[in-house]
Structure formats: C-alpha cells, structure tokens
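# Residue-level structural notes
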Amino acid sequence: MEILVCIKQVADDSVEVFMNEKTGKPALEGVEKVVNAFDTYALEMAVRLKETKGDITVITLSLGGEDAKNGLKNCLAVGADEAFHIKDENYQEKDAVIIAQALFKGIQKIEEQRGKKFDIIFCGKETTDFAAGQVGIMLADELNYGVVTNLVDIDTEGEKVIAKKETETGYEKVEVASPCLVTVNKPNYEPRYPTIKSKMAARKKEIAEVSTEVANESAVKEVKLFSPPKRQAGVKIKTGTAEELVAQAIQKMLEAKVF
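A quick note: this is a predicted structure, and the numbers were derived from the prediction, not measured.

Turning our attention to the layout of surface pockets. What the second largest pocket holds in volume is close to 660 Å³. Put simply, the parts of the chain that give the lining of the second largest pocket at least two residues each are β2 (9-11), β5 (33-35), α1 (37-53) and α2 (68-77). It is α1 that contributes the most residues to the lining of the second largest pocket, six residues altogether. Of the residues belonging to the lining of the second largest pocket, the class tally is 11 nonpolar, eight polar and nine charged.

Here it is as structure tokens:
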C-alpha cells in the first residue's frame with residue numbers, strides 16, 4: 001500500500017503573534033516555522049497504520065519555500081520513507097484552489113516517477129495559520145477521489161478504508177474504497193518525537209524536487225487582516241449564600257441583556 005501525507009510549514013502556533021500595524025500583516029519575524037499540527041497528526045496516523053499492517057510506504061509532500069525542507073526532514077525522522085518538495089516561495093499568497101491544483105499536479109508527477117499510485121492521501125483537517133479547512137477537500141475533488149473528513153482513527157481491510165470520524169454529535173464509522181483522501185483531526189495520541197539516531201538518518205535522505213507549475217493569480221483576494229477584539233474581564237460574585245449568588249448572577253445577566 002502506498003500512502004501520501006501532505007504537510008505545510010507554518011508559524012509556531014505556541015507563540016503569540018501580533019499584527020504589524022504598518023504592514024497590516026502578522027509580525028512573523030523571528031517566529032520559528034514548524035510542521036502544521038494537524039499534518040503531524042496525519043503523519044503519525046499514517047506511520048501507525050504502516051507499523052500495524054506492514055508492507056506500507058509513507059511518502060510526504062510539501063508545497064512551500066526552501067525552509068519546507070526542514071519540515072520534510074522532520075517527517076523523515078519520525079517514520080516517513082520518502083519526501084518530495086514543490087518549491088514556491090510565495091505559497092502563503094496562494095488560495096486553497098491554487099494550492100490544491102499544485103498538489104494535484106505534483107502527485108501526478110510523483111506517481112509517474114515512482115510507477116505507483118497512492119492508495120490513501122492524508123491531509124490535516126486544516127492549517128493553524130489560516131484554518132480554512134479547504135485544501136484537502138479541494139484536492140480530493142481534483143483527484144476525483146472519495147473523501148472522509150475529521151478522522152481520529154483509521155484501519156484498512158483489503159482495498160477498503162475504515163475511518164472513524166469526529167462529528168458535532170459524536171463519532172461515525174465510515175467505509176470508503178481506495179484510492180481515497182482523508183483529512184485528520186486530533187486523535188487520542190500525540191505525534192512521536194524524533195530521536196538523535198533518526199534525525200541523523202533523515203539528514204542522509206534525499207528530498208526530491210517536483211517541478212510543476214504553480215499559478216500566481218488567486219481567485220480569493222485578501223481584503224484585510226485584523227486582530228480580534230480583546231475580551232473584557234468577567235465579573236466575579238464572591239459573597240452571599242448559594243441562593244443569593246444565583247440571584248446576583250441572574251441580575252448581572254439581565255443587566256447585560258444576555259436574555
């Protein structure tokens with residue numbers, strides 16, 4: 001079985017990012033770039049499937065600038081077998097349609113080069129920088145593949161993929177024929193960390209460049225970016241009996257016209 005995991009380099013989401021008032025864009029200078037969190041979940045899920053089933057090859061693909069290679073090296077260090085890179089320094093300026101089309105073209109070239117079709121394509125459910133959640137679904141449309149979103153677990157049975165997906169009301173079990181595309185939510189485990197040995201091994205592996213045309217003219221235009229308004233401090237009610245505290249809380253909500 002052949003698995004492809006699409007990843008993206010994003011600004012570290014553990015760092016608070018502020019707006020640059022002069023440029024009107026996020027001030028990302030000095031903020032480390034890391035593999036998108038949901039993409040790391042997707043890779044971990046794919047690697048666990050490989051370890052459970054065996055006879056599975058896990059490939060990673062990234063559209064991005066030169067620094068995307070650092071993320072791909074990390075992917076190789078935690079279980080990916082091969083890595084491919086579509087170089088585009090202006091990838092952050094592209095909309096979901098263009099990115100999906102570029103990935104589609106890249107996938108076609110990789111499959112032609114390797115002489116093998118991918119059975120499952122993994123994407124994170126969204127990126128932590130824009131959180132649009134559209135690329136995976138649009139890529140599935142380009143490929144004309146069935147798609148299952150918000151996975152938290154996966155299994156295979158022959159050519160059938162058995163997916164556990166998270167919904168607003170709980171979980172659903174979905175079966176889909178391969179080839180297919182899945183988008184991954186946070187499962188009940190964390191991605192593994194690379195070891196010194198695996199990092200050294202990953203450094204020796206080649207990251208293959210995929211030459212494909214990436215369109216420049218986005219259909220979606222960014223009008224404005226702005227910081228969300230600061231939340232006002234809440235009101236603390238400290239004194240009184242339980243009945244008095246409830247009455248005070250209701251009075252405060254009435255004054256605020258909550259209901």
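Further remarks concern the packing of α2 against helix α5 (residues 196-204). As a packed pair, α2 and α5 sit with axes 8 Å apart at the nearest point and diverge in direction by 125°. As summarised for this structure, α2 and α5 are arranged oblique, according to the angle between their axes. The handedness of the crossing between α2 and α5 is right-handed. Listed contacts from α5 to Lys-73, Leu-76 and Ala-77 of α2 are Ser-198, Lys-199, Ala-202 and Arg-203.

To continue, consider the pairing of strand β12 (residues 180-184). Judged by how many residues are buried, β12 sits mostly within the fold: five of five residues are covered. Of the two faces of β12, the one carrying Cys-180, Val-182 and Val-184 and the one carrying Leu-181 and Thr-183 are both buried. With four bridges connecting them, strand β9 (residues 146-157) and β12 associate as parallel partners. Paired with Leu-151 across the bridge in β12 is Val-184.

Taken as a whole, this structure holds zero disulfides when the rule is applied. Considering cysteine sulfurs only, Cys-6 is the nearest to Cys-123, which forms no disulfide, with 4.1 Å between them. The exposure class of Cys-123 is buried, given its relative accessible area of 5%. Between Cys-180, a free cysteine, and Cys-123, which holds the nearest cysteine sulfur, the sulfur-to-sulfur gap is 11 Å.

Let us look at the sheet that holds strand β1 (residues 2-7). The strand order β11-β10-β9-β12-β8-β1-β6-β7-β13 describes an open sheet built from nine strands, whose pairing is mixed. The sheet is open, and its two borders are formed by β11 (170-177) and β13 (207-209), each paired with just one other strand. The average angle at which neighbouring strand axes cross in this sheet is 35°, direction not considered. Where α2 meets the sheet, its contacts fall on β1, β6 (57-64), β7 (82-87) and β13, and the angle it forms with β7 comes to roughly 165°.

In the numbering used here, UniProt assigns the "domain: Electron transfer flavoprotein alpha/beta-subunit N-terminal" (unreviewed entry) feature to residues 23-219. Regarding residues 23-219, the helix share stands at 32% and the strand share at 30%, and the terminal C-alpha atoms are separated by 22 Å.

Side-chain pairing between opposite charges can occur once the charged atoms of the two side chains come close. All told, the structure shown has 20 salt bridges when counted by the stated rule. In this structure, Lys-116 and Glu-2 form a salt bridge, with 4.0 Å as the shortest nitrogen-oxygen distance. Separated by 114 residues along the polypeptide, Lys-116 in the loop between α3 (96-114) and β8 (120-124) and Glu-2 in strand β1 bring together distant segments of the chain. Across the pair Glu-190 and Lys-186 runs a salt bridge whose closest N-O atoms are separated by 2.7 Å. On the basis of relative accessibility, which here comes to 37%, the residue Lys-186 falls in the partly exposed class. When salt bridges that share partners are traced, they join Glu-2, Glu-82, Arg-114 and Lys-116 into one network.

By secondary structure assignment, the location of Asp-88 is in the loop between β7 and α3. Residue Asp-88 is classed as buried on the basis of its relative accessible area, which comes to 10%. Looking at Asp-88, its side chain comes within polar contact range of the side chain of Lys-94, at 2.6 Å. In contact with Asp-88, not counting residues within four places along its chain, are Leu-63, Gly-64, Gly-65, Lys-94 and Val-214.

What counts and what doesn't
Residues numbered from 1 in each chain as written. Predicted model: local features only at pLDDT ≥ 70, side-chain atom pairs only at ≥ 80, totals over all residues. Heavy atoms only, no water. 1 Å grid on protein atoms, 1.4 Å probe; cavity = no way out; pocket = protein on both sides within 12 Å on 5 of 7 lines; lining within 4 Å. Points joined across faces, edges and corners; volume = space filled by probe spheres on them. Helix = DSSP H or I, 4+ residues; strand = E, 2+ residues; numbered from the N terminus. Nonpolar A, V, L, I, M, F, W, Y, C, P; charged D, E, K, R; others polar. Axes fitted to C-alpha atoms, helices over the stretch in contact; angles between N-to-C directions. Parallel < 35°, antiparallel > 145°, perpendicular 65-115°, else oblique. Left-handed = near helix turned anticlockwise from the far one by under 90°. Contact = heavy atoms within 4.5 Å. Buried < 20%, exposed > 50% of the residue type's maximum accessible area, 1.4 Å probe, protein only. Pairing = 2+ DSSP bridges. Disulfide = S-S within 2.5 Å. UniProt positions renumbered as here; feature names shortened; annotations may be inferred. Salt bridge = Lys/Arg side-chain N within 4 Å of Asp/Glu carboxyl O. Polar contact = N/O pair within 3.5 Å; in protein donor to acceptor, adjacent residues only side chain to side chain.

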